[in-house]
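Summary of structural features
Each chain is listed here by its residues.
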Amino acid sequence: MGRRPELDATSGASMGTRAARTGRQAGREGQATGDLPLPPPGLAGGVVDGMLLGVLAWAVLALTLLPTLGKAATALFPTLLVSLCAGGLVGPGLQAALRQRSPARRLSAPARGRQRVVILGGGFGGVAAAHRFEQLLPWTPGLDVTLVSQGNSLLFTPMLAEVAAGSVEAANVSVPLRAACPRTRFRRAEVLGIDPAGQAIHLRSADGVLESLPYDHLVLAVGAVPNMRDLPGVAANALTLKTLEDARRLRDHVIGRLEQADQEDDPRERRRWLTFVVAGGGFAGTEAVASVFDLVHSVLRYFPHVRPNEPRFVLVHARERILPELGGRLAGYAHGKLEARGIELRLGTTVAAADAGGVVLDDGERLPARTLIWAAGSRPSPLLADLPLARHGGAVLVDPTLRVRGTANVWAVGDCARVPDVERRGAPCPPTAQHAVRQGKAVADNVVAAMTGRAPEPFRYRALGFLVPLGHQSAAAELRGVRFSGLPAWLLWRGLYLWKLPGSQKRLRVLLDWTVELFFPRDIALTSGERRGAPARAAAPRRSGKPAA
């Protein structure tokens with residue numbers, strides 16, 4: 001990404017005049033061009049952000065002091081109201097001060113003629129690219145950006161396990177794409193194919209109409225889908241955790257299993273209903289098994305015939321230790337924490353097959369279970385399979401500037417791309433959300449550079465670190481070599497992800513969900529018809545990586 005030095009007063013005034021003129025022109029064009037001017041941050045946003053900070057400070061103090069004071073959480077409820085009011089009062093002033101400290105930046109020169117950019121995918125990479133294009137729009141008025149996605153919202157996947165555990169309402173971890181990218185054209189449609197030679201995308205809209213969408217530059221950000229490796233019975237019987245529908249289905253599935261076990265007299269069948277197997281010991285699998293464990297034990301009070309020692313949780317992982325992305329000490333801490341809570345770890349083994357009544361491991365052991373959660377890997381979107389583009393393992397090969405090899409106007413970011421990491425001598429960048437977000441910003445800069453005759457710059461990014469919740473107010477975290485564990489890491493995880501959640505309204509809603517959880521038990525109402533089979537679906541790809549910031 002290019003250097004953008006601060007502007008002096010003269011150039012800043014000139015830039016401001018030109019931006020104002022561009023904004024007025026964009027306002028006149030309105031929805032006809034999609035170049036809608038962004039409204040300035042309002043008073044409501046500052047109030048909500050201040051309330052978030054106040055409640056977050058209250059939560060840290062409450063969780064830290066309660067064990068020493070020996071008081072119930074309800075005793076501190078008045079101080080929660082005081083924190084809300086105080087934060088709401090200071091929030092707007094703090095927001096204004098931060099905006100004044102933000103330096104102006106020199107952007108690229110205006111593009112000549114209209115340049116049509118199409119972004120495929122509404123995940124972290126695609127939305128980051130669209131948002132960066134919007135920032136560049138006042139100084140590149142020739143941009144015409146269209147975002148195509150089968151879903152109409154950006155899903156904050158790091159909190160999917162919270163939805164599955166019943167801690168957070170499903171609607172609170174997704175942001176409508178039209179709100180996230182208000183100056184970008186949005187097309188909710190299914191991509192049927194891509195014609196690089198004709199520079200067109202073939203779409204099918206929600207009402208079944210077939211059409212073609214031309215482009216001058218194409219950004220592929222279609223993500224990945226679960227990879228079940230064609231194992232017998234796995235696709236038909238496993239649940240995944242990639243979409244909001246997956247999270248709702250998993251929550252209802254677990255509660256439905258408890259309902260069945262509460263009425264079952266046969267001990268063997270009860271054991272089958274109450275056994276939960278998770279395949280994959282990376283971030284997604286570890287988080288999934290901890291969330292399901294918390295959900296089950298938090299609602300057992302409603303099922304009098306299920307004893308606390310009856311539910312069984314098994315985490316199956318192919319390697320010799322879980323969480324290979326973390327250092328050995330933190331991974332060992334997570335291992336010990338899960339085992340201490342009663343979760344069985346089957347390391348050095350994999351799932352070989354599954355059916356409605358059990359899971360078969362590659363060593364021949366059969367686990368009687370009616371729940372298999374698949375978190376053992378993913379593969380790039382099958383949409384890329386028929387494209388005449390260079391690929392490796394299904395992922396599109398790109399050069400360090402994120403341009404697809406052998407092309408002049410096709411770019412790729414995120415899980416669907418094999419991005420060389422120049423900081424690690426060309427090794428592929430890991431498939432995490434923090435990388436996808438930075439790649440999305442970088443690809444927008446490089447596309448504009450290519451339009452204006454400048455040389456695109458190599459993508460460079462050093463990961464900030466990793467965080468993984470382990471349930472029961474504990475987590476493991478590693479940030480730039482500094483390691484945390486236990487309650488401090490859990491507070492850091494919640495605070496960071498709450499702050500990264502797009503939109504002040506969503507942050508406040510999630511924070512209220514977490515606050516309500518302190519005072520009231522989790523809900524066990526089934527939100528949909530619970531089915532015996534739960535086939536995994538290759539839905540619109542979403543990112544499951546774990547950003548640290």
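Let me begin by describing the structure that accompanies this report. (Residues numbered from 1 in each chain as written. Predicted model: local features only at pLDDT ≥ 70, side-chain atom pairs only at ≥ 80, totals over all residues. Heavy atoms only, no water.)

Looking at the nonpolar core
With 67 residues, the main nonpolar core has Met159, Leu241, Val292, Val296, Phe313, Leu326 and Trp514 as its most contacted residues. Considering every element that reaches this core, the biggest residue donor is helix H10 (residues 283–299), with eight residues. In this structure Leu326 touches Phe283, Arg321, Ala331, Phe466, Val468, Ala476 and Glu478, once residues within four positions along its chain are discounted. Membership of the second largest hydrophobic core comes to 53 residues, among which are Ile194, Leu387, Leu402 and Ala417. (Core = buried A, V, L, I, M, F, W, Y, C linked by side-chain atoms within 4.5 Å. Buried < 20%, exposed > 50% of the residue type's maximum accessible area, 1.4 Å probe, protein only. Helix = DSSP H or I, 4+ residues; strand = E, 2+ residues; numbered from the N terminus. Contact = heavy atoms within 4.5 Å.)

A look at the sheet that holds strand E13 (residues 343–347)
Read from one edge to the other, the open sheet built from five strands follows the order E10-E17-E11-E12-E13, with strand pairing classed as parallel. Taken across any chain shown, the strands that pair with only one partner, and hence form the sheet edges, are strand E10 (238–239) and E13. Here helix H11 (residues 328–340) sits on the sheet and contacts strand E12 (312–317) and E13; the angle it forms with E13, its principal contact strand, is near 130 degrees. (Pairing = 2+ DSSP bridges. Axes fitted to C-alpha atoms, helices over the stretch in contact; angles between N-to-C directions.)

What about unusual backbone geometry?
The backbone of Gln199 sits at a positive phi, close to 50 degrees, despite the residue not being glycine. For Gln199, the location among the structural elements is in the loop between strand E5 (185–195) and strand E6 (200–205). On the basis of relative accessible area, Gln199 is assigned to the partly exposed category, the value being 29%. Non-glycine residue Arg425 carries a positive phi angle of around 55 degrees.

Observations concerning the packing of aromatic side chains
Under the defined criterion, the tally for this structure stands at seven aromatic pairs. When the ring of Phe156 is compared with that of Tyr497, the centres are 6.1 Å apart and the planes differ by 75 degrees; the resulting orientation is edge-to-face. Taken together, the residues span a long stretch of sequence, with Phe156 in the loop between strand E3 (153–155) and helix H5 (160–164) and Tyr497 in helix H13 (residues 487–500) at a distance of 341 residues. Aromatic pair Trp493 and Tyr497: ring centres 5.4 Å apart, planes at 85 degrees, arrangement edge-to-face. Here Tyr497 and Trp493 lie together in helix H13, a separation of four residues that amounts to about one turn. Neither Trp493 nor Tyr497 differs from the other in exposure class; each is buried. Here a set of aromatic residues connected by ring pairs shows up, and it is made of Phe124, Phe156, Trp493, Tyr497 and Trp514. The ring of Trp273 has Arg370 sitting right over it, with the charged end atom 4.6 Å from the ring centre. (Phe/Tyr/Trp six-rings, centres within 6.5 Å; stacked < 30°, edge-to-face > 60°. Lys NZ or Arg CZ within 6 Å of the ring centre and 35° of its normal.)

Some remarks on the packing of H13 against helix H14 (residues 504–519)
Between H13 and H14, the shortest axis-to-axis distance is 9 Å and the interhelical angle comes to 150 degrees. With respect to H14, the element H13 is oriented roughly antiparallel. H14 is crossed by H13, and the crossing has right-handed handedness. Within the contact between the two elements, H13 uses Trp493, Arg494, Leu498 and Trp499 and H14 uses Arg507, Val510, Leu511, Trp514 and Glu517. The residue inventory of the contact of H13 with H14, partitioned by class, reads six nonpolar, no polar and three charged. (Parallel < 35°, antiparallel > 145°, perpendicular 65-115°, else oblique. Left-handed = near helix turned anticlockwise from the far one by under 90°. Nonpolar A, V, L, I, M, F, W, Y, C, P; charged D, E, K, R; others polar.)

Brief notes about the packing of helix H4 (residues 124–136) against helix H12 (residues 433–451)
Between H4 and H12, whose axes approach to 7 Å, the crossing angle comes to 40 degrees. By the angle between their directions, the pair H4 and H12 is classed as oblique. The two elements H4 and H12 cross, and the hand of that crossing is right-handed. Contact residues: H4 offers Phe124, Gly125, Ala128, Ala129, Arg132, Phe133 and Leu136, while H12 offers Ala433, Ala436, Val437, Gly440, Lys441, Val443, Ala444, Asp445, Val447 and Val448. Among the residues forming the contact of H4 with H12, the class breakdown is 12 nonpolar, two polar and three charged.

Some details on the pairing of strand E11 (residues 275–279)
Here E11 lies mainly inside the structure; five of its five residues are buried. Where burial is concerned, the two faces of E11 agree: the one with Thr275, Val277 and Ala279 and the one with Phe276 and Val278 are both buried. Inspection of the sheet shows E11 paired to E12 by five bridges, in the parallel sense. Residue pairing in the sheet places Thr275 in a bridge with Arg312 of E12.

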